[in-house]
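# Examination of the molecular architecture
These are the residues of each chain, in order.
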Amino acid sequence: MSVKPPRPYYVPVGNEEQVFKAAYRQNLSIVLKGPTGCGKTRFVEAMAHDLDRPLITVACHDDLTTADLVGRFLLHGGETEWVDGPLTRAVRDGAICYLDEVVEARQDTTVVLHPLADHRRQLPIERLGITLDAAPGFGLVVSYNPGYQSVLKDLKDSTRQRMVAIDFGFPTPDVEEKILVNEARIDHERAAELVRLGQAIRRLETGGLREVASTRVLIAAGQLIAEGLSAREAARAAIAGPLTDDSTVTRGLAEMIDVYMPDSTAD
Ligand SMILES: Nc1ncnc2c1ncn2[C@@H]1O[C@H](COP(=O)(O)OP(=O)(O)OP(=O)(O)O)[C@@H](O)[C@H]1O
Ligand SMILES: [Mg+2]
């Protein structure tokens, strides 16, 4: 018998765990909205663990076809053989299917989600001429980053209205500090400095940045600190660098880093 792996580390920020579990139990599909690096993927992993369901994740992109999701005939030893796609596997196995960045997928791809996302819970497989009823336990979860796409690429209303939405923002400072301590293995004081820097960058709103500093980049900075880099070096490499290519904005961020990282070993 296999031993259940430990729960993926996830600290709740609000009532998202209750909403997810309630929606899942009621066979409602779920859309997670939020900026990059705020914990959406980690959250779904923790929920799949709590609900004891396998998790099948698909990263969506604009070349994704219905066949990529549902399945296709492949040549195998001179014969054609049907191979289930990840969505079909999830439907058959009663798994949680997580479609990451679903707005990246074309609408003709996502129409296949409609009968699955609503009360019908069915997946039509045209190539096989069959319609599958989702096995008990199947759950559909999609995510998207509302900041990225144009109105055109926005989710269709008919898709949206079939789903329960959970909004993700960045964790509160105390929660984020806890996450940094756990994920990067740094002490509370260092974690608190990084969180304050992150908060300051987030207050810049746009300030020439497409995205603000996520929990993910703060963790990366923490990991560099854990490896022995100074806090300033770590923040420049893991926070400022990934956020912008613009030299003026980079200088601005470097100044902020110097203010927020009181580095004794100034470099
Ligand atoms: N509430 C949280 N509890 C625990 N860890 C968290 C939390 N929020 C963020 N993290 C950490 O932040 C990292 C980034 O989160 P994650 O990969 O889940 O982001 P995401 O929202 O899925 O981003 P993307 O939209 O880019 O896929 C995780 O690896 C995890 O370490
Ligand atoms: Mg993710």
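Residues numbered from 1 in each chain as written. Chains lettered and ligands numbered in written order. Predicted model: local features only at pLDDT ≥ 70, side-chain atom pairs only at ≥ 80, totals over all residues.

### What to know about helix α4 (residues 86-93)
Here α4 has its buried residues at L87, T88, A90 and V91. On an axial view of α4, the arc spanned by its buried residues comes to 160°, and they lie on one face. Count one or two residues on from α4 and you reach G94, which has phi positive near 70°. (Buried ≥ 20, exposed ≤ 12 C-beta atoms within 10 Å, placed from the backbone. Helix = DSSP H or I, 4+ residues; strand = E, 2+ residues; numbered from the N terminus. Arc of directions from axis to C-beta.)

### As for the domain arrangement of the protein chain
Splitting the protein chain by domain gives domain 1 (16-167) and domain 2 (173-260). With centres defined by C-alpha atoms, the gap from domain 1 to domain 2 works out at 33 Å. Counting residues at the interface gives six residues for domain 1 and five residues for domain 2. (Domains from an automatic or database assignment. Contact = placed C-beta atoms within 7 Å.)

### As for the environment of I96
You can see I96 is positioned in strand β5 (residues 96-100). As a C-alpha pair, I96 and E176 span 80 residues in sequence and 27 Å in three-dimensional space. If sequence neighbours within four positions are ignored, I96 has contacts with A48, R53, L55, G139 and V141.

### Digging into the nonpolar core
Counting 36 residues, the largest nonpolar core has C97 and V141 as the members making the most contacts within it. Beyond its immediate sequence surroundings of up to four residues, C97 is in contact with I56, P86, L87, A90 and L140. Judged by nonpolar contacts, the second largest core, of 29 residues, contains A240, L253, I257 and Y260. (Core = buried A, V, L, I, M, F, W, Y, C linked by C-beta atoms within 7 Å.)

### Topic: the site of ligand 1
For ligand 1, the set of nearby residues contains 20 residues, the closest of which are T36, G39, K40, T41 and R42. Secondary-structure elements contributing two or more residues to the shell around ligand 1 are α2 (40-50), α8 (173-184) and α10 (215-226). Looking at the shell around ligand 1, its residues break down into eight nonpolar, seven polar and five charged. Both domains that furnish three or more residues to the shell around ligand 1 are identified here as domain 1 (16-167) and domain 2 (173-260). (Near = placed C-beta within 6 Å. Nonpolar A, V, L, I, M, F, W, Y, C, P; charged D, E, K, R; others polar.)

### Some words on the sheet that holds strand β8 (residues 139-144)
Strand order in the open sheet formed by five strands is β2-β5-β8-β1-β9, and the pairing between neighbours is parallel. On the outer flanks of this sheet lie β2 (55-59) and β9 (163-167), each paired with one strand and no other. Strand-to-strand, the axes of this sheet are offset by a mean angle of 20°, without reference to chain direction. As paired elements, β2 and β5 share five bridges and run parallel to each other. Pairing of A59 across the sheet is with D100, part of β5. The strands that α4 touches are β2 and β5; relative to β2, the one it contacts most, it runs at about 160°. (Pairing = 2+ DSSP bridges. Axes fitted to C-alpha atoms, helices over the stretch in contact; angles between N-to-C directions.)

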